[in-house]
Amino acid sequence: MVVTGYYNEARSGRGLYAHPGEECGIFGAVGHEEASFLNYYGLHALQHRGQESCGICSSYGGRFHHRRGMGLVKEVFTQEDLLSLPGIAAIGHVRYSTSGESHLVNAQPLIFRYRGGELAIATNGTLTNAPQLRAELEAEGSIFQTTSDTEVLAHLVARSRAETLEEDVFAALNRLDGAFAFLILTNEKLIAARDRHGFRPFSMGTMAPRGKLGVATVFASETCAFDAVGATFDREVEPGEMLVLDDQGNRESLQFAEPARRGICTMEYVYFARPDSDIDGINLHSARKRLGRRLAREALVEADVVTGVPDSSISAAIGYAEESRLPYEMGLIKNRYTGRTFIQPSQGLREQGVKMKLSAVRGVVEGKRVVMVDDSIVRGTTSLRIVRLLREAGAREVHVRISSPPFKNPCYFGIDTPSREELIASRLSVEEMRQAIGADSLHFLSARGMVEAIGRPECGSPDRGHCLGCFTNEYPADTYEAAGGQPRGGEEEER
Ligand code: 5GP
Ligand code: MG
């Protein structure tokens, strides 16, 4: 199928690249009789990386079988759907989106037909030079169906005049800048590729042989998906690496670009990835606990209890409590059932105290000096709300501790961030932010403390291979900001 139609923002005149990218999750399997079922369970484990839409494409009998839909993996796929996606190779995608722009056309894998056959592509990342490449391709006569930067890759592949499809893909990848983890399915092969900086996490795993087939290979944005399908982590897809696998079990590794300065996204460690995932051998829950411990060393406060904000900052809050020898308490509870279809309270009901997502536990916080640990402050709305909740529940003092530095700059490498003006830390000093959220005190972890606490191996540079752009405004690669890759705004849904 060829995807047609334009994204909403293109029509609304906000510019083709008003929304340069989003945090997503990808999964792929080759050499397994139930490849689409593996995708289903793998994507389900990656659901935290994207809840807007999802899709799976399999290859069987020389053609593709695919299904994409709006919503969660468990809502989009039935058993019958998965049975209609036969074959021993399949790739899948979960897409993150904030408000609006909920269109099926955005759902991946995107599927393209070209002279060499069919191509399905699932991406996590942002191609920073997509606008330039697109302009160049259009000048040469290409007609684009979507505004997705993934389509740029498809055009580059289609226009390459190499001998084989792998060579076409290799040449195309070489031209891309930015952050990407790609899974590309053809009628015969599965290709995995990661950008030269290794911005986004991307791992390869294996599964024991079954039936006539040999060892199956799986790929996932996060290792928690391997646990979900019973696969064993093998290794990371290396920066600048392209892996080509066929259904005979052959695996070839090529280097399409020289590995450049490592730039793994620090927000993956701070917030995005699931606590049971590992990135470069570092478990996320343990890393977050160390962030919390370090935060306690940098910004101790006299208090009675420590609480986290479910679910994202619980690991850091436990670390803070351990280090400061204060009890960790469940001061906040999250309602798990606030889905997209939930009726949002009107402003009036909200003012009357109708709350949907979080509540404070009065018995825990009443009369207490509370340390509230969160992983980040982006717009400041979450902290403001929680400080208020805790006070309403009787907290005597509320001390806010953030297990990352002030988030001041937009991301150009695969995470949807609000525009710079909407980032509260880009406008206000720490003291002004403290006042704005109504806390008794507010402290952020230092960038150095964060990098040391995460504990990636020394690599000759003080940032240890992290991208710290959102905190320090220093990015490991060109952001192409001036060329129109403007970061997007829009409502963010806290998870
Ligand atoms: P704020 O309310 O300050 O805009 O956002 C901070 C809160 O949102 C934190 O509790 C953090 O866990 C969460 N958060 C941080 N980054 C992101 C993101 O990129 N997307 C979503 N949905 N939540 C985020
Ligand atoms: Mg949170």
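Cut-offs applied
- Residues numbered from 1 in each chain as written.
- Chains lettered and ligands numbered in written order.
- Predicted model: local features only at pLDDT ≥ 70, side-chain atom pairs only at ≥ 80, totals over all residues.
- Heavy atoms only, no water.
- Helix = DSSP H or I, 4+ residues; strand = E, 2+ residues; numbered from the N terminus.
- Rg over C-alpha atoms; globule rule 2.2 N^0.38 Å.
- Buried < 20%, exposed > 50% of the residue type's maximum accessible area, 1.4 Å probe, protein only.
- Areas by Shrake-Rupley, 256 points an atom, 1.4 Å probe, with all protein chains shown as cover.
- Lys, Arg positive; Asp, Glu negative; His and termini not counted.
- Charge placed at Lys NZ, Arg CZ, Asp CG, Glu CD.
- Pairing = 2+ DSSP bridges.
- Axes fitted to C-alpha atoms, helices over the stretch in contact; angles between N-to-C directions.
- Contact = heavy atoms within 4.5 Å.
- Salt bridge = Lys/Arg side-chain N within 4 Å of Asp/Glu carboxyl O.
- pLDDT = per-residue confidence, 0-100.
- Polar contact = N/O pair within 3.5 Å; in protein donor to acceptor, adjacent residues only side chain to side chain.
- 1 Å grid on protein atoms, 1.4 Å probe; cavity = no way out; pocket = protein on both sides within 12 Å on 5 of 7 lines; lining within 4 Å.
- Points joined across faces, edges and corners; volume = space filled by probe spheres on them.
- Nonpolar A, V, L, I, M, F, W, Y, C, P; charged D, E, K, R; others polar.

A few words now on the overall build of the protein. In terms of helices and strands, the protein carries 18 helices and 23 strands. Taken against the 2.2 N^0.38 rule, which gives 23 Å for 495 residues, the C-alpha radius of gyration of the protein at 23 Å falls within 12% of a compact globule. Along the three orthogonal principal directions, the C-alpha set of the protein runs to about 70 × 50 × 50 Å. Out of the 495 residues in the protein, the part that is buried amounts to 59%. For the protein, the exposed area adds up to about 19,700 Å²; of that, 50% sits on carbon and sulfur atoms. Distance from the positive charge centre (56 side chains) to the negative charge centre (66 side chains) of the protein: 4 Å.

Pairing is antiparallel across the open sheet formed by six strands, whose spatial order is 5-6-7-8-12-13. Lying at the two open borders of the sheet, with one neighbouring strand each, are strand 5 (110–114) and strand 13 (251–255). Shown here is a sheet whose adjacent strand axes are inclined to one another by a mean of 20°, direction ignored. Relative to strand 12 (residues 241–246), strand 8 (residues 189–194) runs antiparallel, the two sharing five bridges. Paired with A193 across the bridge in strand 12 is M242. Strands strand 5, strand 6 (117–127) and strand 7 (178–185) of the sheet are contacted by helix 6 (residues 149–159), whose axis makes an angle of about 135° with strand 6.

For the rest of this paragraph, the subject is the environment of A317. Note on placement: A317 falls in helix 11 (residues 314–324). For A317, a relative accessible area of 0% gives the class buried. Look past the residues within four positions of A317 in its chain and what remains in contact with it is V306, T307, G308, Y328 and V373.

Evaluation of the coordinates by the stated rule reveals 37 salt bridges. Among the salt bridges present, the one from E140 reaches R159, with a minimum N-O distance of 3.1 Å. Of this pair, E140 sits in the loop between helix 5 (130–139) and helix 6 while R159 sits in helix 6, placing them 19 residues apart in sequence. A relative accessible area of 47% means that E140 is categorised as partly exposed. Taking the relative accessible area as the measure of exposure, R159 reaches 33% and is therefore partly exposed. The shortest N-O distance in the salt bridge between R235 and E241 comes to 2.8 Å.

It is a general feature of regular strands that their side chains alternate between the two faces of the sheet. Burial of strand 20 (residues 369–374) is extensive: six of the six residues sit out of reach of the surface. The alternating pattern of strand 20 places R369, V371 and V373 on one face and V370, M372 and D374 on the opposite face, and all of these are buried. By the bridge criterion, four bridges tie strand 17 (residues 305–308) to strand 20 in an arrangement that is parallel. Following the sheet pairing, V306 is matched in strand 20 by V371. Both strand 20 and strand 21 (residues 397–402) contribute to a ladder of six bridges, which runs parallel.

The predicted model of the protein averages 89 in pLDDT, with 91% of residues at 70 or higher. The low-confidence segment residues 1–21 (pLDDT under 50) makes 62 contacts with residues lying over four places distant or belonging to another chain. Note that residues 486–495 has pLDDT below 50 and, in this model, 49 contacts with residues that lie over four places away or in other chains.

Looking now at helix 6. Burial analysis of helix 6 places nine of its 11 residues in the buried class, the great majority of the element. For helix 6, the full list of buried residues reads D149, T150, E151, V152, L153, A154, H155, L156 and V157. Contacts made by the buried residues of helix 6 are with strand 5, strand 6, helix 5, helix 7 (165–174) and strand 7. Put simply, S148 is the residue that caps the front of helix 6, since its side-chain oxygen is 3.1 Å from the backbone nitrogen of T150.

What follows concerns empty space enclosed by the protein. Empty space left among the atoms is revealed by rolling a probe the size of a water molecule over them. Per the stated rule, a full pass over the model turns up three cavities of 30 Å³ or more. Its boundaries defined by the atoms lining it, the second largest cavity holds a volume of some 100 Å³. Lining the second largest cavity are 15 residues, with C265, C411, C467, G469 and C470 positioned closest to its centre. Counting only elements with at least two residues in the lining of the second largest cavity, the list comes to helix 9 (266–272) and helix 18 (469–472). For the lining of the second largest cavity, the per-class residue count stands at 11 nonpolar, three polar and one charged.

Turning our attention to unusual backbone geometry. Here the amide bond leading from Q108 into P109 is cis, since omega sits at 0°, within 30 degrees of zero. Structurally, the position occupied by P109 is in the loop between strand 4 (89–95) and strand 5. Residue D311 is reached from P310 by a cis peptide bond, and omega for that bond is -5°. Within the secondary structure, D311 is located in the loop between strand 17 and helix 11. The backbone phi angle of R325 is positive, close to 55°, even though this residue is not glycine. Topologically, R325 is positioned in the loop between helix 11 and strand 18 (332–334). Residue classification places R325 among the exposed positions, given a relative accessible area of 76%. For R464, which is not glycine, the phi torsion reads 50° and is therefore positive. Position of R464 among the secondary structure elements: in the loop between helix 17 (447–454) and strand 23 (466–467).

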